[in-house]
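Working through the structure, step by step
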Amino acid sequence: MAKSNKPLLWLPFASGGLVAAFILPVLILITGLLVPLGVVHLPYERMFAFAHNPLGKLVLFGVVALPAWHAAHRLRMTAHDLGLGGGLAVRLICYGAAWLMIAISAAALLVI
Amino acid sequence: MNETIALEVLRYNPDTDREPHFQRYAVPYRDEWVVLDALTHIKDQLDATLCFRWSCHMAVCGSCGVMINGEPKLGCHAFLRDYRNGVVRVEPLDHFPIERDLVIVMDDFMAKLSSVEPYLLVDAAKPLGEGEHLQTPAELNLFKQYAQCINCLLCYAACPQYGLNEGFVGPAALALAHRYNLDSRDTGKDRRAEVVASNEGVWECSFVGACSAVCPKGVDPAAAIQQTKVSASLDWFKAFLLPGGRK
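A brief structural summary. (Residues numbered from 1 in each chain as written. Chains lettered and ligands numbered in written order. Predicted model: local features only at pLDDT ≥ 70, side-chain atom pairs only at ≥ 80, totals over all residues. Heavy atoms only, no water.)

1. Digging into the overall build of chain B
Note the following rule: Each helix is a run of DSSP H or I of at least 4 residues and each strand a run of E of at least 2, with the numbering of both proceeding from the N terminus. Burial classification: accessible surface area is computed with a 1.4 Å probe over protein chains only, and a residue below 20% of its type maximum counts as buried, one above 50% as exposed, and the rest as partly exposed. Here, two residues are considered to be in contact whenever any of their heavy atoms come within 4.5 Å of each other. Note that His is not counted, nor are the chain ends; the positive residues are Lys and Arg, and the negative ones are Asp and Glu. For this purpose, a charge sits on NZ of Lys, CZ of Arg, CG of Asp or CD of Glu.
The helix and strand inventory of chain B stands at nine helices and seven strands. With the principal axes as the frame, chain B shows a C-alpha extent of 75 × 40 × 30 Å. Taking all 247 residues of chain B together, 46% fall into the buried category. By sequence separation, contacts in chain B at least 24 residues apart represent 63% of the contacts at least 6 residues apart. In chain B, which carries 24 positive and 32 negative side-chain charges, the distance between the mean positions of the two groups comes to 3 Å.

If you want it as structure tokens, here you go:
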């Protein structure tokens, strides 16, 4: 048996799981609830400046792209566990949606 | 005192039966009886043709694994009192061919177990004169839980991936490979990686975690497999990035 090249797919998947578990909930709490409700004061200009900074862009890209990849792979595995098989259609839907999200986030961050 | 409990046991005799069927037995109910006691009662008192494996009756030998009401359990570890007022359905372990009645064919697992070389591998044996291989309690704790495996195969019966792809090396064999990889006296990690880090090795696992949930010895094969994925990934990148790393 030969060693697998799966790490290339799996490491982004595992990192996406970490980001989705530890960082996304906090970000959703801050940007989705606390800021709109006025509990935390975070002006638009500061958030924009963060997204404008190259390092900020990289962080935001990681926060979107890694969980998107994680979700795609997890959903494909769930389909496999449910006996739907790992066929081309399932792959296209799962990974296609992830690549679409990754492309949109990359484009948006480049335009800012 | 005359209470009985119904056991539905899967019967299959390859010489006479075209397919498996259930047979119902009424067994005396005892608070202190486990399912294995009920099976023994059937064999001794009601039907001597019933076949099942067992040996120690104390969750050490790993022989009496069966499906009890759909869940993989050791027959000696499942009390009748937990199934009182119901029917106890006993079947051979899922995902394995049936040899006869509750006895499964485990050749597939035996081949996989030996493929990961679950024993100490050393590059050069240390001469006896140089003394013992000392190990600190911390080094022992790294792998001790994985050494509790009794090869009962409940984890294989619980694993949906093994059910879908019988090529998967599977939880117990991968956990035992991890046990030796973590042992400070062992140097066989790269050799085991040929099986462990192959497509049919840890990468076939989708981290359902059923293996760890059903283990009667508190082993956590799911964790062993995840830890192996991390170290196999790091090894893969090292081999890819460092000069001369690709073999």
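2. Some points on the pattern of salt bridges
All names here are of chain B. We apply this condition: Each reported salt bridge corresponds to a side-chain nitrogen of Lys or Arg within 4 Å of a carboxyl oxygen of Asp or Glu.
Enumeration according to the criterion identifies 13 salt bridges over all chains in this entry. Put simply, Asp-108 and Lys-112 hold a salt bridge, and the shortest N to O gap is 2.8 Å. Here Asp-108 and its partner Lys-112 are both found in helix α2 (residues 107–115), four residues apart, which amounts to about one turn of the helix. Residue Asp-186 is joined to Arg-192 by a salt bridge in which the shortest nitrogen-to-oxygen separation is 2.8 Å. Per residue, the accessibility class of Asp-186 equals that of Arg-192, and both read buried. Residues joined by salt bridges that share partners form a network here, namely Glu-8, Arg-24 and Arg-89.

3. Observations regarding the packing of helix α1 (residues 7–22) of chain A against helix α2 (residues 24–34) of chain A
Residues and elements named next belong to chain A. For clarity, the threshold we go by: The axes are straight lines fitted to the C-alpha atoms, using for helices just the contacting stretch, and the angles between their N-to-C directions are given from 0 to 180°. Oblique is the label for every angle not falling under 35 degrees (roughly parallel), over 145 degrees (roughly antiparallel), or within 65 to 115 degrees (roughly perpendicular).
Contact pair α1 / α2: the axes reach a minimum separation of 3 Å and the direction vectors enclose 40°. It follows from the interaxial angle that α1 and α2 lie oblique. For the pair formed by α1 and α2, the contact residues are Val-19, Ala-20, Ala-21 and Phe-22 on the first element and Leu-24, Pro-25 and Val-26 on the second.

4. A closer look at the nonpolar core
Residues and elements named next belong to chain B. The cut-off we apply is this: The definition of a nonpolar core used throughout is a set of buried Ala, Val, Leu, Ile, Met, Phe, Trp, Tyr and Cys residues joined through side-chain atoms within 4.5 Å. Boundary definitions for the domains trace back to an automatic or database domain assignment.
With 75 residues, the main nonpolar core has Leu-7, Leu-39 and Tyr-156 as its most contacted residues. Of the residues that make up this core, three or more belong to each of domain 1 (4–104) and domain 2 (107–241). Not counting chain neighbours up to four residues away, the residues in contact with Tyr-156 comprise His-95, Phe-96, Phe-109, Tyr-162, Val-169, Gly-170, Pro-171, Ala-172 and Ala-173. With five residues, the next largest nonpolar core counts Tyr-146, Val-219, Ala-223 and Ala-224 among its residues.

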